[in-house]
Every structure is written in C-alpha cells, then in structure tokens.
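# Residue-level structure breakdown
Next come the chains, spelled out residue by residue.
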4 protein chains.
Amino acid sequence: MRIDENRLEDANKKSIARHNEHFDFLAGIMTNDGHDINAILQKLQDFQVAIPSWALGAGGTRFGRFGFQGEPANLEQKIDDIGILHKLTQTAGAVSLHIPWDVPSDYDAIKDLAKSHDIVFDAVNSNTFQDQKNAKESYKYGSLSNTNSAVREQAIAHNVDVIKIGDRLGSKSLTVWLADGTNFPGQGNFQKALSHTEDSLKEIYKTLPNDWKLFIEYKPYEPNFYSTVIQDWGTSFMLANACGDKAYTLVDLGHHLPNTNIEQIVSTLMLKGKLGGFHFNDSKYGDDDLTVGSVKPYALFLIFNALVYGMENNPQNPYPAWMIDASHNVKDPLEDLIQSLEAIQEAYAKALLVDQKALTLAQQNHDVVKCQEILQDAYRTDVRPLLEKARLNRNGAINPIETYRTLKIRENLIKERGADSVASGL
Amino acid sequence: MRIDENRLEDANKKSIARHNEHFDFLAGIMTNDGHDINAILQKLQDFQVAIPSWALGAGGTRFGRFGFQGEPANLEQKIDDIGILHKLTQTAGAVSLHIPWDVPSDYDAIKDLAKSHDIVFDAVNSNTFQDQKNAKESYKYGSLSNTNSAVREQAIAHNVDVIKIGDRLGSKSLTVWLADGTNFPGQGNFQKALSHTEDSLKEIYKTLPNDWKLFIEYKPYEPNFYSTVIQDWGTSFMLANACGDKAYTLVDLGHHLPNTNIEQIVSTLMLKGKLGGFHFNDSKYGDDDLTVGSVKPYALFLIFNALVYGMENNPQNPYPAWMIDASHNVKDPLEDLIQSLEAIQEAYAKALLVDQKALTLAQQNHDVVKCQEILQDAYRTDVRPLLEKARLNRNGAINPIETYRTLKIRENLIKERGADSVASGL
Amino acid sequence: MRIDENRLEDANKKSIARHNEHFDFLAGIMTNDGHDINAILQKLQDFQVAIPSWALGAGGTRFGRFGFQGEPANLEQKIDDIGILHKLTQTAGAVSLHIPWDVPSDYDAIKDLAKSHDIVFDAVNSNTFQDQKNAKESYKYGSLSNTNSAVREQAIAHNVDVIKIGDRLGSKSLTVWLADGTNFPGQGNFQKALSHTEDSLKEIYKTLPNDWKLFIEYKPYEPNFYSTVIQDWGTSFMLANACGDKAYTLVDLGHHLPNTNIEQIVSTLMLKGKLGGFHFNDSKYGDDDLTVGSVKPYALFLIFNALVYGMENNPQNPYPAWMIDASHNVKDPLEDLIQSLEAIQEAYAKALLVDQKALTLAQQNHDVVKCQEILQDAYRTDVRPLLEKARLNRNGAINPIETYRTLKIRENLIKERGADSVASGL
Amino acid sequence: MRIDENRLEDANKKSIARHNEHFDFLAGIMTNDGHDINAILQKLQDFQVAIPSWALGAGGTRFGRFGFQGEPANLEQKIDDIGILHKLTQTAGAVSLHIPWDVPSDYDAIKDLAKSHDIVFDAVNSNTFQDQKNAKESYKYGSLSNTNSAVREQAIAHNVDVIKIGDRLGSKSLTVWLADGTNFPGQGNFQKALSHTEDSLKEIYKTLPNDWKLFIEYKPYEPNFYSTVIQDWGTSFMLANACGDKAYTLVDLGHHLPNTNIEQIVSTLMLKGKLGGFHFNDSKYGDDDLTVGSVKPYALFLIFNALVYGMENNPQNPYPAWMIDASHNVKDPLEDLIQSLEAIQEAYAKALLVDQKALTLAQQNHDVVKCQEILQDAYRTDVRPLLEKARLNRNGAINPIETYRTLKIRENLIKERGADSVASGL
C-alpha cells in the first residue's frame, strides 16, 4: 500500500492557510531575533531517523500482548509501512533490520522496494538474547560473555553473518545489544564475563568492513535482573576503545538507572568522539519504550541541545545513527511512530533555536538565571509551524496524524492484510 | 511422582550427626539466652506458605523465555510438584490457584490429590490482565476500571466465578491483582478509573461468602508504564475500607517504587487491622520476581520483624495469607522454590530471636546503638540448625536441595513427563 | 525598598509593542479554537502563590552555604522582598510565615506593611525539626511522635502557639511538616510512632479555630534516612481522616520516591476532598528544591491538568493553598522566585487550554493517540503572551526578570542592607 | 584519654569463657570444611581501616544538627579518639586527614601522638566544596572545573598544598572529591567542565611524589542537583587514565544512583588495575552516610566477595586504601564507628569463607542454584567468634561496644572536654 500523492495534497490543502499564517508569524519573530530560518529548515529536512523492522507491530509485556489489526506479516510489508511513515513525515528515511527476524529472501527486490520508498538501510541489529529454532547452543546463560567457548563462537558467527547481510543491503554499521548478565549474586564471574565479551567483540570487529562502524549498546538491567555485562556507558566506552577506532558507544534513552543525567553522557561521548548511535524512546520507570517525548519532553530537548552542540563543535565525533526503539502496546504502531518522529523533530528544532553564543557568555559569567532563561526561551517557542514547513518542503503532510486518519490508512492495511496478521519478532 | 519415605530417611541419615551437633550447640546458646526453643520450633513448623499454581514452570521476560524440562503440564502435575516441595521442606502446605489457567475439571479428584499431599487450597487469583480466547470484551484498556461498563461487568463476573471455583475447593479468600492503568499521560481519567474500580470491587465483595476475605493487591507500574489504578498501599487501603470488614490489603514485596520502606507499610497495615496477604519474592530494580532472600535478606528479616510484632501485638489483624510469587528464569523452578522457602523460614526464625523486651526499652531510651545491636544480634545468628530441626520434626528433609538432587527428582520428572512439557500460564 | 510605578511603566513601554503583536496573534488562534480568552486571563490573574518567609535568602546544603548579598535581615525586609516580587509578577500576593524564625514583634505594623504590598497571610508553618535555644526538650529523636510524652507536649504546645500567632495575622491554616522518623532499622517502633503522631495531631486539631484548616505534609526521607513517620500521601490521608473535616493532606512536589506519579495522587486526593495545600518546586534526584519548572516542566503541566480538573469538577475539595518551597543555592533568590512564579503560571495557563470535552471523549473511546495529541496541543502552545497580558492587566511587569535587572533592584537592596546581611532561618 | 590495659583485660575476662566456647565450635566446623583458620585470622588482623578526621563529631543535615557531648575540639583529641577506637577494635590503625579542617600545627608532635596510638596517616583529603575565610576566589560555581582560570589555579594550589602536608606526615595518597557540578540545565558546559577538570587534575598529578597515588572520587549528585562533573566510575576511570599510572578511581558506597550494581564496578576496576580507594558507609535513599552494614549487609558481603577475589587474583591492582565515610546524626560517633568497623570485618570474614573453587565450578556449569548456595553458606555462618579472636590476638576487646560502655569512655571524654566542645569540620 502506498499513499496517493493527490490525496495527500488534498489533505494538505485544508490546512495550508492556517499553516501559512502560523509560519509567517513565527518566521517573523525568528528572523527578528537573528535566526537564519532557512538554515534551520534545511537541518530539519535533512534529519532522518531509522525505523527498526520490529517496530511495526504491537509490542507486549511479560504479562501478555494485545494484538493490533493489519500488522505487517513480512519484511516487504514492514518496508511498506515505513514508506507510509516516511511519505507523511519525511523524517523516516531509513530502516534498521533485526536479524534473524527479518532476513531478506530476495536482496535485490528488497533493495528496490526500499529505494522506491526513498528508504536506506541503516545499522543492522544482531540477536543473541533468544534461542533460534534448531540452534546448536543456547543463550540462556549468555552469548558473547558465556563461559562456554562453543556458545561464544556461535554468537560471534551470528554477528559476522549479520554484517554480511547488512553489507549486501548497503548498511554501514552493526549494533550489538548484549543482553548477557546474571539474575542472581554469584551466578557469574564479572571479570571473566567482561573479558570474554571484550574478546568476542574484538573477533567481530576484525570482520568489520573498512567503512563500517560497530555500535556497542549498554543497559543496566532487563532481561537480567542482577547484573548486565555492559551495564553503563563507561563499560561500553571501555570496550569500544579496546576494539578500535571504528567502535562506538550507542546510547538508548531507556537504558539508564533512575535519574541518570543522559545529557551529560552524550556530551562526554561526543567530546571523546565515541557517540556512534542513538535510540529514541521515553519512559517513566525503566526501559518502558514509550512514545518519544510522551513523558519527559524537556529532557529530550536538553539532550538534543547537547547533540546539536556536539554536531557543531565536535568534528572528532561521527554523525550519529538515529533510531526509534519503542514498543506500541496500546496505540496503532504507525500513529505511535508518527508521534515519536514529531517529538524528535520538535526537540531538534527547539535545540536549534538556542542562542549558543549568549549561553556561552552567561555560563562564563555564572549567570545561572540567564542560562535558564536562554534555554527556556527556545523551549517555550511553539515550533510546530517550522516542522510543518519542513515537511511541506519535502512534499510530506502538514499534519501527519490527521492525514493518516483522513486517508484511512489503517483501515486500508486491514483490508489488504486482514485483521489477524502478526508482525514477526517480539 | 512422589518421594519415597525410605529414600528420604536414608538421605537424612547421612546428615543427622552433623545436624545434631549444630543443633545442640545452638540450642545451648539460645536456652542460655532465655529463649524457649520448643516454642520457636513449633512456630516454624506451623508456618506454611502457599505455592501458586503458575510457579512450577519456567518464567520469562518480554524478550523471551528459556524453557525447563519436565514442567508440569496440568493441574494434577502442578499439585504433585507442590507435594514434592512440601514433602522436602514441610513448609509448602498450600496451593494458590490462578484462574482461568488452572480450573479443575474434576473437583473431588483434585481435592483428594491435594489432601494426599497434605496441601490445602489458599487464596484463589483472578486474571483480568490478559484476554481469554473467545472472550467477548477485551481488557486491553482495563477491566474493573474500564470506561466501558460491558468490560467491567465481564471482569466482575469473572471474579465472581473465581470465588465460586475457590469455594468448591475450600479456599477462603480471593486475591485481586488489578493490572489496570495507563501507558501515557492523558490516556485515562484517574478519578473515573478509581471510582469505577471502587464500584466494581464492591460488586465482587457483595458476592463474597461470609467466611471469605478479599485481598486487594497494589503495584506502582508494569504492565502499564505511566500509571496503575491501585498504585500503592494507600489506594488499596482506601478501597478495602470502602468495601468493608472482609476486604484487606495484600502486600507483594516487589510491588514498590525504589527505596520504599516496606517494613513500615506492613506495620501500619497491621496496626489498622488491614494486612490480609503477603507475597514473597526479591528484586533489585523493579518487580524482578527473584528468589526470596537472594538479594536483600536483611530487608526480609526486618519485614519479618514487623510481621512477628504484628502477629503478637495486633489481634485486630487476621493471620495473613502467605504466598511465594517469583519467576524462575534460569533455575529449576522446584529448586528455586526450595531456596525461597528456606529464606522465608530463616528470616522468620531470626525475627523470632529478637529480644522484643530489650528492644522496646532501648527504643524508649533512644539508645539507637543498642537497638541496632539487638536486631543484628538476632540476624547474625546462624539459625540453619533450627530450620533443619523443624523439618525433621515433621519428617521432612534436613537438606532439601541436596536431597532433591540426591533423589534425582528432576530427572524422574523428565522421564515421566518428557523434556518438552510446558506449564500452563505465563 | 519599593518599586517605583513610573519606572515600572517605563520598562513596560519598551516591550509593549512586541507584547501586543504576540498577544493578538495568540488571542486570534485561541478564540478561533473556541477558547474564552478573557475567562482564562481572569483565572491567571486570580491565581496567587504564597512565598514562605524563609525563601528570601540563599539556601544551602549539608556541605555548606554560599551567601548572597542584600538578603533580608528581618521579617519586615522579607515582606518588602515579597512586595517586590508581587509588584513585578502580580502572582505573589501572600506570605507563609515560619515560626519561630519569623515571629512578628509588632503585629499591627506587620499587617499594615503586608497590606501596603497587597499581601495576605497564608498558612503558618511550625518547626519541630530543630531545637530552639533554651528549649526544655530536644527534638533529636522526634517531636509529635516521640516516645517521651514531655517532648510530645512541647511540640503540641508549639503548634498551638503557631496557630495563635497566625490567627492574629489573619492566617486560616496551619501546615505541619513532621520530620520525625528514624535513621536506622529498629531505632523506633513504627506503630507507636504513628499512634503518638495521630494523638498529637488530634490535640492540635482540637485547638484549631472553626474557619481554619490543618495541612498534614508527607515526605519519604530526609532529614531521617531510614524511615519517616508520615512517609506518603496514604499515611497523611489516614491521619487527616482521623483528625476530622478540617484536616487535609498537603502535597510537596519534592517529597516523593523516584518516579512517583504525583498527578494521580493529586487526582485521588481531590476526588476524596482532601487536597488542602500544595508546595511547588522541582527536582531531579530527591527533595532538591530547585526552581519550579526548571527540570520537569511537562510533569508540572500534567499535575496542573489534574488540579484544574479537580477545581472544576470536585466541589468536595476546598480551594488549595499554593506555596513555593524552593531553595536558592546559586541564584539570586528573588530572580529564582520570579522564574518559579512564571513556570507556575505557564503550567496553569497551558492546563486551562486543554480541551477537556474532547479529552473525555477520546478517553472513553480509548483513542490513546488522540488523548496525547490533545494534551500536547495545549502544552506546545507558547502561552507567554497570555502571562504578560495577565500581569499587565494588574499593572505588573511584562518581563519581570528583565525589569528586575533594569531597575537594578538587587543593587539597591545591597545598598540599603549591606552585602553581609543574612536571612534568618536555614 | 587512653584506655587502661588492665581495665580492658578485666572486661575481656568476663567474656572469655563464652568466646572460647563459640570460637572452638566454629573453628571445628571450619577446619572440618577445609578452611585454614589461622590464615583467615591473620587476614582479619591485618585489615585496617582509616578513620577520617571529620568523623569524630556529630554530623548533621541541611535541616540542622543535633550536637553530641565530649566531641574532640582539635586534631590531637581526634587522634586520641581514633586511638580509643583502635585500642578496642584493633582495626582502626589509620587516620585520613581533611585539609584545611585539620592542618597540624606541630607535625612532629602529631606524628608522635599517632605513633603512640599505633596509627598511621592514610590518604589526605582536599576541600574545594566550601569557601575558606579570606579566600580570594569562591568555589560557589566550581573549583577544578571552573570557567574562571583564577579559581582553578587556587583549587590546584590547594591540592598541591594538601600533598605537601600529607608528605610531611607520611601519607602516600591524595583523595580528590570534586563537588563541582550544576544545579540547573544549561548552567554549565559539560565538555568545558570536563576538559578543565582533566587539565586541573593533570596539574595536580604532576606534583605528586613518585610513591604517591591520586584517588579520584565520583558521585552522581549532591551538593549539586542537576549534574556533577565526575558523576560516575566511567568518568573517574577516564580521568585516571588521562592522568597516568599513579591515578586511580575511588569508590564510595553511597555515591551511586539507586540500584547500581557496585559489586560489578569494583570487579571491573580491579580487573583494569584502577581501584585505588574505597569508602565505607550505608544508605537507603541517597548518600545517607549511615553506619556501615546497617541497611544492606548482604550487598556489603557481595562487594567484599568481589574485593577478596580481586585482591587474590588481580596483581595489576594495588592494595586499596580503606576508609569509613559516615555521618553520625543520632549516635555517639565512637559507638557508630565501632559498629561500622565490626560490620566491615564481618563482611570480610564471610567473604573469606566463600569456597571460591566450588563457586568457579558452579559458574562454569551454569548451576545457578549451587552458586547461590555457596555464597549463602558463607554469608549465613555466624562469624562473630572469628572477629573476637582476631581482636583478642591483637590485645583488643572481645566486645568493643560493651567494653566502651563498661569503661564509661564517653563519660570520661565529657569530663575531660566538657559537654559543649564541638568538632571542627562539617
């Protein structure tokens, strides 16, 4: 299913007058305040976030899962879903594959399909937190960190395979999220687990093509509830340094202990040139994987402020790979992703409005009140007209959610796929 | 499968000399310190903890599940498993059924089976956090709190059914764990959800037989990640008061925000005569459902200190219903439960050793150092010989885990049931 | 020191054109969307927040305090400071006295002074968390909960005195923040401490004038680090019910365990008619007492959404007493308070923009995406022009911080009071 | 004041029979289980923990301080207090000075005094979190990280001075706890603050004598409540690596976010040879600085298990510097320290009992139940007779707290020093 350009244009027509009025007003203020509005729009238009292939179906919890109708049943349908998202929002121009859930059968066909949607293949993700059918070794007690070398070798081989698959699709990076850890004190030896992990990652790193990057994710707990081998940015950073220049830390917003200052971690990593990837979501308690910006939008803005600072001031850091990593338990997954994309663009736009020069000056003068005023002035600005304009400039929807509903996209998907189709993966 | 009395006796014979030596030494000290050792033994022997019918199989997380061999495939086998536990530990003399996972088909047969294992039927548990096949209404957006009265009525009717089932088995209490809540700000109206819940609980309460109790569980989050209708003891207590004298709060150790002082909550509820039930487990991060006493044994001891105080000084509070509510992701579920039962008995025994008279005096004198010395004196005592003796006195195993392994119980279960049997439930 | 009306008008003149442009634009949109802009303005103008008498000086931590120049050295100067705040912001029309730090010497003079600033006397606060010089009994081991009746009586008598002092000033409520608790397991008996507290509060309640209210604050920890007698809303609510109709719970934003859903607590209390008072501040880790809205402005908005709902739909709940309770370690206290007042008004204004009718409908339809859209639509609106207009309508400053600096108020205070004056209190 | 040897012996005589009986029983079991009891005793006897010079007086919170009688009023009296502690416990053979609170006036006299108590000078601590009287620059907005180079230079110079003072006393290490950070988003630039800190530490490191070590402490929050420059072990580790081989990370138990797995951090640091120092205390909520082992004794044991493993298997890591860092708000500081020392020795003794060989085997076999049994077997052992024997072997007290009271030490201190003496420092 694809969105009809004409119907999209019709939908936009209804909103264009209001949009123009709002945009002109905001543009007037911004220009008056010394902002280069076109430069900001260009940045917003260039900002693209990858959608993971597992995010198109309804998620669940350990207590069960409530399905959603019209879920994509195969990789082709998943890419179609991302195509819909991208058509509407113009910010979802990439897919991040999860292997083995979404191994392509016909590589050329998949590449053509993605291209037809203007979608590129971003980082590929390996999976050693579940056992695959007929697997020789089990990951029940760990994979890259396992005391058993046969298990480690199987996990290394899987990651090498994932790189190969990604390479055929044009991906340039591998994301390793290692769920390995322990549920009980004494269950494992921390030093051996860490050493095994370092050695395993180095084995994988060796096979990395020259223009690839390795992203090492960290997480304090879950699915293991006493310890996780790569429990924080410090461990990931240490491992990335041990692997080499192409290895980086990946930050997932939900993978932190309560009250962690993530903004500061981002700043530190970019200063050291080691922030490789970034996963968006929101949460209140743990790794809740809620819609981006739905719970703590100001924290998201502050993190974007650090990201923008780093992108402008840290040439030592590569341009990060962005991805949404959320779970859609009670919302239509596509609507949920639209809301996430909107929240990301909003935070980015507001961060671009921060008067960095004035902020630096206020910081030097220890004018704490002024520092806060500068950040809040940007944050309090209603930037929605900017986002609308950025989408319009790329032929997207002024109001993506509204358009999604007006065009009855979910209804059409159900018609095409049936009510009971189930997305592969979790 | 049942444990052969003779083989159990043989296993005990190997440990009896060491046990006697240790017990005599400890008994000497305790008697010297003024303790009535037989009274303490009697209390330990009388302390029985219910095993829920869903706890006999391997648990999982939202990221997957690693199975365990020889799992009980039906209610009969589950009760057999509890029979094994009880035979070894002599502290698992009750089962807590989960409906609809474990509805008996032949009530008399199940009752006879349980009786043959010396097992009684404790609280029955309803389930409105999952949809049952062919259910008319869905609980995706709540059950007893749903804005839709048809859903509420279905959920009420289910609870009434559960009472009826329990009544036929000899249960005397219903536990309601209400997963209802929201994942996002604004998703629900807190006041309406609370009012609906209160009304629904009152409907259920009305149908409660005279000699029954209603236990209202609370939990701050999961499976909902923004809010839970019954989020804390205060809400549960308020609802229990609204229902009436037969309604009580149920405390689950894992259902609290980080750093909550659970000991104090227990004390408050018992003072007000409203602690009805208690679920044991342990955790480090959230509702991790780990083996009891595996992470924070001193906190467990302090809670038992409050429980013992309440049982001795609060006639206004009924004798609480005890249950283990843990999940067994990387351990043999039966071994895990034996470790939990041992930890519970240990904490109880140590709490019984606290010199309450001296503690009261030190508290009155604000002798904080002495207060700590008194608690730690009890806690530091190695009470394992006491637990062994209590089991021996009831013809259980001196060393349950060791005996479980010596008698090759899991191997026998696998032989009987096959490697691939899967427990019903989660 | 007082702000010169003419100089304030001059300052406003510089901003009036920009203000008018922004306001007209926003008013146009809002009117178009069906809002009654004058009704909203009236509500904002009527919303007044009390400033506590201890908030005008620099705060500190247990590691020390860095002073601020020109601090008010006595109650008269404190009221002058609030006068300045109120003149600029038009939302600080009340003072909340802390006894014994700020006992008036000449009641009539103080009342006249306050009146001249258009300031009323809101809730009075007692202090039993410090020992006063020459006090007969010490609160080291508790006050209203102490095992020693002499200490309890002293603490009760102090509260009764505070009521008398407040009564002479026109206050109508007493706030009791009880720091009582324990630092170590076993230090106290939870049940006795709670019973003593209930009895003590009832003694105080007895002396309450008929048109007064008693506000019972709760807090999970600090200054005691194992337990606090009134540790959560449930305990406060229980005690308020035990005292009677004039007793209420007081919510302080910083007094919660990590991740507590405060919005829900507010809703529950208002449904039950028991939310008496509300203390504003912000925090990231514990009771950090930071500027309101500086860390989690969306949470503040959501809480205001619950407050607005309650004020409109819960006639059973009295109009709450509002107060800022923050500490100013690295900012000019007056500038800090202006930022807090601005953040409060902003959250209130945005909450007033929520389309409650549409929200109710979306909640009934379980349209979770729409619910979020409705809240975010209100939150994303830039309401600053509304706040400016509300201030202007009451002859306040368009831009309070800017005006405070333009008028060189701190410099003048230092000139008047000297650099080394120190505010009484903490 | 010094403890009379004869009176100590008399006190021991009363307990010796009971001690012997308990010790013989435990020694029998342990020997039977294959332990070399004398080797364990020797390790316990060799384990010495430094007492900081600020820990001998009553601590406080930001809400006030309740004094204690007979506090040491100068450095000499503080060392006398540690002498008393060491005489009784035989495990407090070191003092850790805090500069400028405790600068010696007569170095030789102080060294002689310490020597007469068998006390050595461990790490010295600098203070840049408070302003000293007449200081030219203020640390209100940071010290080593300050944007103002004059402030950084003053802070560096202070640290260099502290090294010089320590050097004259025989200290061999400097502990830097950097309180620098921000209270509000935007207040500082994270990258500049980190870079300044790195540069400042390198300046200090340059002046370090060859046989000295630099310990870099970390802490997530307090006294700053939005961010701290050295917020976690990862940042400290990165800075230590940047400084050089003599720079190490220092772990303080209370300086972690909720639920952090400290045991794992210790293991990682020792594997990498970078654990330099360790501060003991306990806590429930934040950096509560409670008596060691009073809240989470099992966590302490697990950490000691990691420390023992590292000391035995990581020659790349130096022997760590141990110190107690607690605050004594409601206990006699000396009794509090005795309880802390006892808890430390207890955890160490239990960790020494862990059957490391069996544990390694069980870990390799993924026998999670067995792993837990092995740890709990050691933990459940009542090791008090071992601690008594270790003290007796060094002519200390069998029961230090009891002896402290029997000998009326506090009463004598009050007699000597008066009731109102106040310890310098916090």
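The name recorded for chain A in an unreviewed UniProt entry is Sugar isomerase, from Aggregatimonas sangjinii.

The subject of this paragraph is the overall build of chain A. On a plain count of helices and strands, chain A comes out with 15 helices and 11 strands. In terms of overall size, chain A behaves like a compact globule, its C-alpha atoms giving a radius of gyration of 22 Å where 426 residues would be expected to give roughly 22 Å. When its C-alpha atoms are laid out on the principal axes, chain A stretches across 65 × 60 × 40 Å. For chain A, the residues scored as buried account for 70% of the 426 residues in total. Excluding contacts between residues fewer than 6 apart, the proportion of contacts in chain A whose partners are at least 24 apart in sequence is 80%. Working note: accessible area of chain A is about 14000 Å², and carbon and sulfur atoms make up 47% of it. Across chain A, 43 positive and 56 negative side-chain charges occur, with their mean positions spaced 2 Å apart.

For the structure on display, the rule yields 100 salt bridges over all chains. Arg394(A) serves as the salt-bridge partner of Asp118(A), at 3.9 Å between the closest nitrogen and oxygen. Note that Asp118(A) is positioned in the loop between α4 (107–116) and β3 (120–121) and Arg394(A) in the loop between α13 (384–393) and α14 (400–406), a separation of 276 residues in sequence. A relative accessible area of 23% means that Arg394(A) is categorised as partly exposed. Residue Arg65(C) pairs with Glu71(C) through a salt bridge whose shortest N-O separation is 2.9 Å. Classification of Arg65(C) as partly exposed rests on a relative accessible area of 35%. When its relative accessible area of 1% is taken as the criterion, Glu71(C) is described as buried.

Let's shift gears to unusual backbone geometry. Residue Pro100(D) is reached from Ile99(D) by a cis peptide bond, and omega for that bond is 15°. Checked against the element boundaries, Pro100(D) lands in the loop between β2 (94–96) and α4 (107–116). The omega torsion of the bond from Glu222(D) to Pro223(D) falls at 10°, within 30 degrees of zero and hence cis. When you line up the elements, Pro223(D) lands in the loop between β7 (213–217) and β8 (227–228). In this structure, Asn134(A) is a non-glycine residue whose phi angle is positive, near 70°. Relative to the assigned elements, Asn134(A) resides in the loop between β4 (124–125) and α5 (149–169). Classification of Asn134(A) by relative accessible area gives exposed; the value is 80%.

Our focus in this paragraph is the packing of helix α12 (residues 368–380) of chain A against helix α10 (residues 333–353) of chain C. Where α12(A) meets α10(C), the closest approach of the two axes is 11 Å, and the angle between their N-to-C directions is 15°. Here α12(A) is positioned roughly parallel relative to α10(C), judged by the angle of their axes. Two packed elements cross with a definite hand, and for α12(A) against α10(C) that hand is left-handed. Residues Val369(A), Gln372(A), Glu373(A) and Arg380(A) of α12(A) lie in contact with α10(C), whose contacting residues are Glu335(C), Gln339(C), Glu342(C), Ala343(C) and Glu346(C). When the residues that make up the contact of α12(A) with α10(C) are grouped by side-chain class, the tally is 2 nonpolar, 2 polar and 5 charged.

Criteria and thresholds
Residues numbered from 1 in each chain as written. Chains lettered and ligands numbered in written order. Predicted model: local features only at pLDDT ≥ 70, side-chain atom pairs only at ≥ 80, totals over all residues. Heavy atoms only, no water. Helix = DSSP H or I, 4+ residues; strand = E, 2+ residues; numbered from the N terminus. Rg over C-alpha atoms; globule rule 2.2 N^0.38 Å. Buried < 20%, exposed > 50% of the residue type's maximum accessible area, 1.4 Å probe, protein only. Contact = heavy atoms within 4.5 Å. Areas by Shrake-Rupley, 256 points an atom, 1.4 Å probe, with all protein chains shown as cover. Lys, Arg positive; Asp, Glu negative; His and termini not counted. Charge placed at Lys NZ, Arg CZ, Asp CG, Glu CD. Salt bridge = Lys/Arg side-chain N within 4 Å of Asp/Glu carboxyl O. Axes fitted to C-alpha atoms, helices over the stretch in contact; angles between N-to-C directions. Parallel < 35°, antiparallel > 145°, perpendicular 65-115°, else oblique. Left-handed = near helix turned anticlockwise from the far one by under 90°. Nonpolar A, V, L, I, M, F, W, Y, C, P; charged D, E, K, R; others polar.

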